[in-house]
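Chain by chain, the residues:
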Amino acid sequence: MENRQQIAAGNWKMNKTYDEGISFVNELLEKTNEENVLIVLGVPFVHLKGIADSVANTANIKLAAQNSHEKESGAYTGEISADMLLSVGAEYVILGHSERREHYKESNEVLCKKVEHSISKGLIPIFCCGESLRIRKAKIHVDFVSNQLNEGLFHLSKEAFANVVIAYEPIWAIGTGETATPEQAQDMHKAIRNLIEKKYGNDTAQNTSILYGGSVKPDNAKDIFSQPDVDGGLIGGASLNVDDFVQIINSF
Ligand code: PEP
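Scope of this entry: the structure provided in the associated data block.

How each quantity is defined
Residues numbered from 1 in each chain as written. Predicted model: local features only at pLDDT ≥ 70, side-chain atom pairs only at ≥ 80, totals over all residues. Heavy atoms only, no water. 1 Å grid on protein atoms, 1.4 Å probe; cavity = no way out; pocket = protein on both sides within 12 Å on 5 of 7 lines; lining within 4 Å. Points joined across faces, edges and corners; volume = space filled by probe spheres on them. Helix = DSSP H or I, 4+ residues; strand = E, 2+ residues; numbered from the N terminus. Nonpolar A, V, L, I, M, F, W, Y, C, P; charged D, E, K, R; others polar. Near = heavy atom within 4 Å. Polar contact = N/O pair within 3.5 Å; in protein donor to acceptor, adjacent residues only side chain to side chain. Areas by Shrake-Rupley, 256 points an atom, 1.4 Å probe, with all protein chains shown as cover. Phe/Tyr/Trp six-rings, centres within 6.5 Å; stacked < 30°, edge-to-face > 60°. Buried < 20%, exposed > 50% of the residue type's maximum accessible area, 1.4 Å probe, protein only. Lys NZ or Arg CZ within 6 Å of the ring centre and 35° of its normal.

1. Some thoughts on empty space enclosed by the protein
- In this structure the tally under the stated criterion is 1 cavity of 30 Å³ or more.
- Every residue lining the largest cavity is listed: Gly96, His97, Ser98, Arg101, Cys128, Cys129, Gly130, Gln148, Glu169, Ile171 and Ile174.
- Those elements that provide at least two residues to the lining of the largest cavity are α4 (98–103) and β5 (124–129).
- The class makeup of the residues in the lining of the largest cavity is 4 nonpolar, 5 polar and 2 charged.

The structure is reproduced here in structure tokens:
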């Protein structure tokens, strides 16, 4: 039996001052009363505590950090730990975003450790995967994503994997205005679900939320979210504008 959570996750990246973040959330609380969709806000670290206080009485709004270190604590200047994130209200963490993979050279190997550590602490990873345009054109995108999952995620036990959310984000569609067609998204989500089934069985595959990310906007969200294996979106640019984000939340 399917038991998948529909999720609208925002990724603010390095945008919004603290006051802008708080205003955004207050406006969001006024404008959305959707209760069947889980809203996850991926906000900058320094916004977490303030926003957690603002949404404390709203059961379906949760917070995500945009990164977390793989170690418990120690001499890692500028880094942040899972315990620290939990202590300021984060329940989710975006791991393996293509911008982290590209600009900070995060490999599948380090992501594997980050995933492991986050889950051991009770932080839910939103694990990002996705191919470049070169890989897509070479028609090896399924193998490429399969490798990302094998190396970054599939070391988890079945019990631990039950806590994971996956975001499929083709790099060629992130921040470019170019979106995967609903069919391209569905094909890849189905392929990912098949890989999960092979590794963990049908019940786990049917219960895993797989989000699409890559230029989701109010005018294309409905078509993408209506695909049978798409359980929501990880939204960058359009999550910075309250009205756009609310329209996307209302697209399920
Ligand atoms: C993202 O950053 O995860 C993303 C999908 O960005 P955008 O929606 O702007 O393409």
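2. Some thoughts on the site of the ligand
- Close to the ligand lie 14 residues; Lys13, Glu169, Gly175, Ser215 and Gly237 are nearest.
- Measuring from an oxygen atom of the ligand, one finds a side-chain N or O atom of Asn11 at 3.4 Å.
- One of the side-chain nitrogen or oxygen atoms of Glu169 is found 2.6 Å away from an oxygen atom of the ligand.
- Protein coverage of the free-state accessible area of the ligand, which is 290 Å², stands at 97%.

3. Concerning the packing of aromatic side chains
- Tallying each qualifying case throughout the model produces 7 aromatic pairs.
- Ring centres of Phe154 and Phe161 lie 5.9 Å apart, and the angle between their planes is 65°; on these two criteria the pair is classed as edge-to-face. When sorted by exposure, Phe154 lands in the same class as Phe161, which is buried.
- An angle of 20° between the planes, with centres 4.4 Å apart, marks the rings of Phe225 and Phe252 as stacked. With Phe225 in helix α11 (residues 221–225) and Phe252 in the segment after α12 (242–249), this residue pair connects regions lying 27 residues apart in the sequence.
- Take Phe225: its relative accessible area is 6%, and that puts it in the buried class.
- On the basis of relative accessibility, which here comes to 30%, the residue Phe252 falls in the partly exposed class.
- Among the aromatic residues, those joined into a ring-pair cluster are Trp12, Phe24 and Phe245.
- In this arrangement the basic side chain of Lys16 is found over the ring face of Trp12, its NZ or CZ atom lying 5.5 Å from the centre.

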